[in-house]
Each structure stands twice: as C-alpha cells, then as structure tokens.
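Residue-level listing of the chains:
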Amino acid sequence: MSSMRGLVQFIADIRNARARELEERRINKELANIRQKFKDSNLNGYQKKKYVCKILYIYILGWNIDFGHLEALNLIASTKYSEKQIGYLAISLLLNENHDMINLVVNSIRKDLNDHNELFNCLALHAIANVGGREMAESLNKDVHGLLISAVSKPFVKKKAALTLLRLYRKYPNVIHIEWAERIVQLLNDKDIGVVTSVSSLILALAQDDPDRYKSCYGRAVERLKAMNIGNLIPSDYMYYRVPNPWLQVKLMKILQHYPPPDNVDISQSLIVVLEYILDNYEMSKNVQQNNAQNAVLFEAINLAIHIGIPEIGMTIVEKLGVFISSRETNLRYLGLDAMAHLAARLEDVSILQQHQNTILNSLKDRDISVRRKGLDLIYSMCSTANADVIVVELLKYLETADFAIREDMVIKVAILTEKYASDFKWYIDTILKLVSIAGDYVSDEVWQRAVQIVVNNEDLQPYAAHTLLQYLKGPTYYEAMVKIGGYVLGEFGHLIADTKGCSPIEQFMALQSKFMSCSAFTKALLLSTYIKFVNLFPEIKPQLMRVFLLYSRSLDAELQQRACEYMAIANLPSDDLLRTICDEMPPFPERKSILLTRVMEKQNLSEDRRTWFIGGKTAKQDNDALIEGF
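Residues numbered from 1 in each chain as written. Predicted model: local features only at pLDDT ≥ 70, side-chain atom pairs only at ≥ 80, totals over all residues. Heavy atoms only, no water.

Draft legend 1. Looking closely at the overall build of the protein. Helices and strands together make up the secondary structure of the protein, namely 32 helices and two strands. On C-alpha atoms alone, the protein measures out to a radius of gyration of 33 Å, which is more than a quarter above the 25 Å that the 2.2 N^0.38 rule sets for 631 residues. On the principal axes, the C-alpha backbone points of the protein span a range of 95 × 70 × 50 Å. Here the protein, with 631 residues, has 52% of them falling under the buried criterion. A separation threshold of at least 6 residues defines the contact pool for the protein, and within that pool the share at least 24 residues apart is 70%. For the protein, the exposed surface amounts to about 30,300 Å²; the carbon and sulfur share of it is 50%. Positive and negative side-chain charges of the protein, numbering 73 and 74 respectively, have mean locations separated by a distance of 9 Å. (Helix = DSSP H or I, 4+ residues; strand = E, 2+ residues; numbered from the N terminus. Rg over C-alpha atoms; globule rule 2.2 N^0.38 Å. Buried < 20%, exposed > 50% of the residue type's maximum accessible area, 1.4 Å probe, protein only. Contact = heavy atoms within 4.5 Å. Areas by Shrake-Rupley, 256 points an atom, 1.4 Å probe, with all protein chains shown as cover. Lys, Arg positive; Asp, Glu negative; His and termini not counted. Charge placed at Lys NZ, Arg CZ, Asp CG, Glu CD.)

Draft legend 2. Molecular detail of the pattern of salt bridges. In this structure the tally under the stated criterion is 24 salt bridges. Taking the shortest distance from any N to any O, the salt bridge between K54 and E30 comes out at 2.9 Å. Here the residue K54 occupies a position in helix α3 (residues 45-60), and E30 occupies one in helix α2 (residues 20-38), the gap between them amounting to 24 residues. Grouping residues by exposure puts K54 and E30 together as buried. The closest approach of N and O atoms between E138 and R134, which form a salt bridge, is 3.3 Å. Separated by four residues within a single helix, E138 and R134 lie in helix α8 (residues 134-149), roughly one turn from each other. Its relative accessible area of 43% is what places R134 among the partly exposed residues. (Salt bridge = Lys/Arg side-chain N within 4 Å of Asp/Glu carboxyl O.)

Draft legend 3. Just the environment of Q355, in detail. Tracing the chain through its elements places Q355 in the loop between α17 (330-346) and α18 (357-362). When its relative accessible area of 55% is taken as the criterion, Q355 is described as exposed. Sequence separation between Q355 and L597 is 242 residues, and the spatial gap between their C-alpha atoms is 28 Å.

Draft legend 4. Molecular detail of the side chain of E300. Here E300 lies in helix α15 (residues 288-308). With relative accessibility at 10%, the residue E300 sits in the buried group. There is a polar contact of 2.7 Å between the side chain of E300 and the side chain of Q257. Excluding residues that lie within four positions of it along the chain, E300 makes contacts with V250, M253, K254 and Q257. (Polar contact = N/O pair within 3.5 Å; in protein donor to acceptor, adjacent residues only side chain to side chain.)

Draft legend 5. Spatial organisation of the packing of helix α16 (residues 314-324) against α17. Put simply, α16 and α17 touch, their axes get as near as 8 Å, and they point 145 degrees apart. With respect to the hand of their crossing, α16 and α17 are arranged in left-handed fashion. Residue-level contacts link V318, L321, G322 and F324 of α16 to L332, R333, G336, A339, M340 and L343 of α17. Here the residues of the contact of α16 with α17 are counted per class, giving seven nonpolar, two polar and one charged. (Axes fitted to C-alpha atoms, helices over the stretch in contact; angles between N-to-C directions. Left-handed = near helix turned anticlockwise from the far one by under 90°. Nonpolar A, V, L, I, M, F, W, Y, C, P; charged D, E, K, R; others polar.)

Draft legend 6. Representation of a negative patch on the surface within the structure. Residues E459, D460, D584 and E585 make up a contiguous surface patch of negative charge. Within the secondary structure layout, E585 lies in the loop between α30 (577-582) and α31 (595-604). Residue classification places E585 among the partly exposed positions, given a relative accessible area of 43%. (Patch = residues over 30% accessible without salt bridge, like charges linked within 9 Å, V, L, I, M, F, W, Y side chains within 5 Å.)

Draft legend 7. Broad picture of the packing of aromatic side chains. Under the defined criterion, the tally for this structure stands at 15 aromatic pairs. With 6.3 Å between their ring centres and 85 degrees between their planes, F38 and Y51 make a pair best called edge-to-face. Taken as a pair, F38 in helix α2 and Y51 in helix α3 lie far apart in primary sequence, 13 residues in all. As far as the burial class goes, F38 and Y51 line up, both buried. Seen in terms of ring centroids, F38 and F67 are 6.1 Å apart; in terms of plane orientation they differ by 70 degrees. Their pairing is edge-to-face. With F38 in helix α2 and F67 in the loop between α3 and α4 (69-76), this pair connects stretches of sequence that are 29 residues apart. Side by side, F38 and F67 carry an identical accessibility label, which is buried. Aromatic rings pair up to connect F509, F516, Y531, F534, F538 and Y552 into one cluster. In this structure, K413 is placed above the aromatic ring of Y380, and the distance from its NZ or CZ to the ring centre is 5.5 Å. (Phe/Tyr/Trp six-rings, centres within 6.5 Å; stacked < 30°, edge-to-face > 60°. Lys NZ or Arg CZ within 6 Å of the ring centre and 35° of its normal.)

Draft legend 8. Representation of the environment of L353 within the structure. When you line up the elements, L353 lands in the loop between α17 and α18. Separated by 188 residues in sequence, L353 and L165 place their C-alpha atoms 42 Å apart. When sequence neighbours within four positions are dropped, the list of residues in contact with L353 reads M340, L343, A344, L347, I360 and M382.

Draft legend 9. Layout of a nonpolar patch on the surface. Among the surface-exposed residues, Y59, I60, L89 and L93 lie close enough to one another that they form a single nonpolar patch of about 350 Å² accessible area. Looking at the element boundaries, L93 is found in helix α5 (residues 81-94).

Draft legend 10. Region of the structure containing the nonpolar core. In this structure, I109 and Y531 are the most contacted members of the largest nonpolar core, which totals 215 residues. Contacts of Y531, omitting those with residues within four sequence positions, involve F509, L512, Q513, F516, L545, V548 and F549. (Core = buried A, V, L, I, M, F, W, Y, C linked by side-chain atoms within 4.5 Å.)

Draft legend 11. Region of the structure containing helix α11 (residues 193-209). Between its first and last C-alpha, α11 extends 25 Å over 17 residues, near the 24 Å set by a 1.5 Å rise per residue. Extensive coverage of α11 is indicated by the burial of 16 of its 17 residues. With a side-chain oxygen lying 2.9 Å from the backbone nitrogen of G194, the N-terminal cap of α11 falls on D192. (Expected span 1.5 Å × (residues − 1).)

Draft legend 12. Inspection of the environment of S139 at higher detail. Its place among the elements puts S139 in helix α8. In the structure, S139 is positioned 36 residues away from N103 in sequence and 9.7 Å away in space, judged by C-alpha atoms. When sequence neighbours within four positions are dropped, the list of residues in contact with S139 reads V106 and R110.

Here it is, written out as structure tokens:
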C-alpha cells in the first residue's frame, strides 16, 4: 500500500482540504479521472488495484460509489495475493447480499475455496461471512463444509470455515445439512485447540436448535474439559493468565447445559470431578485479567452444576454465591445474582436462598441498573407461598422510588406474583390496585386487562372490587389505568354496590365523570360504553348520562362521535329490549395463557445463546405453557 504513491498523495490531499467544498471538488476530480482510466482496457493489475483502493477510501469517507464493481471482480480473479486481497476487500464493502452482482462473484469465490493456496481460501471465507446472502449461502455451503472437515486443510483455514458456517447458519439455518452432524462433532477431538474453540461456537448454535442430532458431542466435551483442567493437556499459547483456554471451557459448558444429565456413569463421574476441581481451585487474584478469566469459568461451572443437579456441591454453590452477591465488585454481584436466579429456577424448595433475602432485596438499590434488573429477576424467581407477602410489599415500597428504566418490568412481575400467590380475593385486589396507584403510567395495558379478567371470572370478588375502585376514583389523584379498570368494573358490577352508603348510582357516575375530561380518547370511549350500561342499570340518572352523549355526539373524534350517537339512539328507543340485550352482563373470559407471562418469556429469548432455564422459579416453564384465568 505504501508503494502506491498516487494513493498516498490523494489521501494527503483529502486530509489537507480545509473545507468540505474543497474535499468534494478533489474527490469529484479523482472520480472523473478513475472513470476515464477504467475505460482504458490496457490497465494492468497494479493500476486496477491502485484505483480500486482510491474508490474504497472515497466510499469509507461516506461518498456514494456507483462504479468500480467489475474492476473489483477482475482483481478477485488475479493470481497475485495483493490484488486478490484488494478485490475481496472491495466486494465486502461495496456489495451487500441483495446486490445484482452477487451471482457474478459466486464462481470466483468457489474457485478460491477449492484452491490449494490457504491464503486464497481465507480471503474467500472472509467474503462469504461478510457479504452472506441466500444465494451465496446455498451455493457455497458445501465448499465451506468441505474445507472444515478436510484432512489437508490447515488449522487457521478450519477455524475460519467453522465461523463462516456459523455466520451462515444464524441467518439461513437450512444451509447445515443433517448428514454433516457427526463430522462436525468429531472436530471436538482435533489436535489444534483453536479449531476446537471455533467448532465449539458452531456446535453451541446447532445444539440449541437440534440437541438430539448433536448429542454425541457430550462425551467429547467432557473429555476435553477433563484434559484441560485435570490433565493440564493444553498448549502454553492457550494459557490465559494461568487459566486453561477460558473461552473454550465456557463454550463447552454452555453446550453441556442443552442436555440432561448423562446416563453414562463414567461421563457423569468425570464431569463431577471437573466441576469440583474448578470450584475448589478458585482463588481471588490481584490481577484483573486473571480474575476475569477465572470468574468466567467458575460461573459457567456453577451454572452447569445447577443444571445437572449435583447434591454433593449444592451447599458449596449457595455459599459461594452468597459471597459473590455481597461483593464490592459490580460484575461479581451481577454474575452472582444471575447464577442464583438459575438456582432458584431449578430448586423445588427455594427456602435455602431465603438466608440471603435481605441482601437480594438490597440489590434493588444498587447503583448499577443491570444489577438492579438481575436482582429483580432473582426476587421474582425465589418468591414462594411462604414469602410472597413480604416480597410483594418490599417491591411495592421500592416501586415508589424505582428507576424509570426498570418500572414497567417490575410492574409486570409484581402483577404476576400477586396473582400467583394470592391468599384471598381481598389481598389480590388491594395489592393490584395499590400497584396501579403507585406505578401509574408505567402500568401496561396487559396489567389492567388481566386484572379485569380475574374480577370478571370470580363472582365473589366483584362487589369488593367495585367498592374499592370507587374509593380510588373519588380521590384527588388518579392514573388512567385506574380509570380504565374502574370504568369496566363499575359498568359491569356497579349495581352490586348501588345500595351501599357512598356508592349510589349518581356517586359512581360523578366519580367517573370527574376524571373524564383528562383522559385519552381510548379511555373516553370506554367510559361512554360504561355510561350506556348505567342507562340500563340506573334509569334514575339517565338525564345526566344523555347530556354526556349529546355533548360528544358533536366530538371531532370520529370514534367518540359514533359511539355517542349510537348510544343516544339506543337509549331513546321506545322499548328497552335492545338496550338490555346489548348491555347484558359479560360472560367469564375463556381459559388461556396469561399475556403477562408471555411478556416475561419473550424478553428471555432475545439473545443468540438461549437460556436453558426460565426466570420465575421451578414452575416458570409450566406457567408459561398454561396458566388458566383466575385463581
């Protein structure tokens, strides 16, 4: 690159331009010159390389490039490495997977994949991984796989081939053929640790989606872990601050977590020995890098031990995690809380964690938002019938001062815990309405809709819910979510408390009407539906209700206007038969999965390395599969 004096001079001119206009003038002049040169068919490889480099520099500066692609393709076909390298660099930058010229590149890339020059193989693999595209993936996947499993491929080529296949698989899963499984798994026994590390990343992604097909990797992964830790069979180049290849260890233990505990006694015993060795030989160091490597391996070992359920080291794990969640280091607190949430998700009885309950609750006040989120996940997971009252009360207290970034997630989790561990109807409605009154605008539609479903489906709860909601609505402050619940519940069940002191029909109407003007159009529409039900339930306040309908029959909002006009027409009919039919009491909601649990589960499946457990305790998976309405 330094020998291309024209390129060096052009870059210097661009850097010395003191105004954008000068830079644009210099670039346009150079582009015009390059266009003219490309029209000359007598350019040699060096000249093509120089001009393509100038085009790439201009492109990197942010200017649009609409020519030079064919010259880059010609460079790829060159037999010189320096020219081929610039050609592939240009293709990687200038083309994307949907570009019209992708099909012209495929044959050149295939030729380089099948070449005996390893450097050409690597350039082709880089281009496939960077550009990708369905056509390229489906055309070249067999060639990439061939490089990966070839006995004559150099280790550095195999590493790039494994990572290229991983890149393609993540975008187009069908590029990995079923019959390749065993050959890919066999590479875990490769002599080169770098190849094993790259292949383990590929197997981890494959095992997440199809664990049965890659189950033969289990024994090989355990053997490799044992060899690195117990046998010290690791090249010195892969010792990272006296920790044997921490990246490979973490990946192998992640793979093992996608499988149940092994039936083979020898494999099971070897795995226990490895995990005990890692746990027993952990020591804090003054070196930050060594601590990071040790912690990465240790916490993955803890997660694996929790996954397979080893009673012999269960207490050791709880003790270590108790120390970590009290650590002064933010990273250790975060990892400790995450591992303890995993433990809570596996335990039948979470009482063993309650000795750390105060420490865990204090994590909600941590200065780091990620630690607060992880603490909330753990509290949510370790909640049980025995401690639900205490945990929900503490969460409600914290909610008043909680960070805005965590409030919505906390509201959903408190609503789920309140429903799941409700000891009686009164406690449930008191808690959920207090939650709404505290959280306010952070209460999502799913929360108040779920509360309405439960009230509708439980007849004994309806009078108390209607009375309590009315008292909240009479207060000076309110949130719209409370008005929505109150409008729905009073419209359906307000007649159950109409004879109670302070709950007369006119008082119910005035409580809702006092909040009407400040509400959104959606809530106003809901309240208009409530009022037509009041017309049916409480004829004595019909004049007041008709005035509201008349007012909004001239509303600029089409939805409110239509509702008001239709309701006014129905109310003025000579017969009440249609009114009674329309305003008949809502039937119970059908049994179905809770949308709140769906929201929680969706957030857990966003990463590429999917969890093998669910936040929310031992029953979280079953709760997600089927949670019936009501209690």
